[in-house]
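Coordinate inspection notes
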Amino acid sequence: QVKLVESGGRNVQAGSSLRLSCTAFGLTSRPNAMGWFRQAPGKDRVFVAAITWTGENTYSADSVKGRFTVSKDSAKDTVFLTMNNLKPEDTAVYYCAVQADYSPIYHTPPEYDYWGQGTQVTVSS
């Protein structure tokens, strides 16, 4: 059974940086990609960033481009989301997810098969 464990979320001031981690356990085959999504209170879960399993390709939402970077440690089946210049509107629960099979679509939750439990990021002004 695949399990994703996220960590790194906490309360920070605007302008700060954070790095979230997500480690995948129980993978029996190489997935296509891993993604990060976030969900603010009362809002839908939205795409933040994704990286193909090889690390060759990365994708980011327009709202975080230039501030957030997704990366991967293949040896440890771990992905990272490095977040710089955080803003109050970045406050949300951040989820990582695994996309098991190939898909050209990385930005919608239904394209992902496994999800972590989420980690809270709160940015104060």
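Throughout what follows, the structure given in this document is the object of discussion. (Residues numbered from 1 in each chain as written. Predicted model: local features only at pLDDT ≥ 70, side-chain atom pairs only at ≥ 80, totals over all residues. Heavy atoms only, no water.)

Before going further, it helps to examine the overall build of the chain. Along its length, the chain carries zero helices and 11 strands. Going from N to C terminus, the chain has its helices and strands arranged as β-β-β-β-β-β-β-β-β-β-β. Since a compact globule built from 125 residues should have a radius of gyration of about 14 Å, the 13 Å found for the chain is in line with a globular shape. Looking at the 125 residues of the chain, the share that counts as buried comes to 42%. Partitioning the intrachain contacts of the chain with sequence separation of at least 6 by distance along the chain shows that 56% fall at a separation of at least 24. Each charge class in the chain can be summarised by its mean position, and for the 12 positive and 11 negative side chains these summaries are 7 Å apart. (Helix = DSSP H or I, 4+ residues; strand = E, 2+ residues; numbered from the N terminus. Rg over C-alpha atoms; globule rule 2.2 N^0.38 Å. Buried < 20%, exposed > 50% of the residue type's maximum accessible area, 1.4 Å probe, protein only. Contact = heavy atoms within 4.5 Å. Lys, Arg positive; Asp, Glu negative; His and termini not counted. Charge placed at Lys NZ, Arg CZ, Asp CG, Glu CD.)

Below, the discussion takes up the pairing of strand S1 (residues 3-7). Across a regular strand the side chains alternate sides, sitting on one face of the sheet and then on the other. Only one face of S1 is covered, namely the one carrying Leu 4 and Glu 6; the face carrying Lys 3, Val 5 and Ser 7 has none of its residues buried. With five bridges connecting them, S1 and strand S3 (residues 18-25) associate as antiparallel partners. Counted as the bridge partner of Lys 3 is Phe 25 from S3. (Pairing = 2+ DSSP bridges.)

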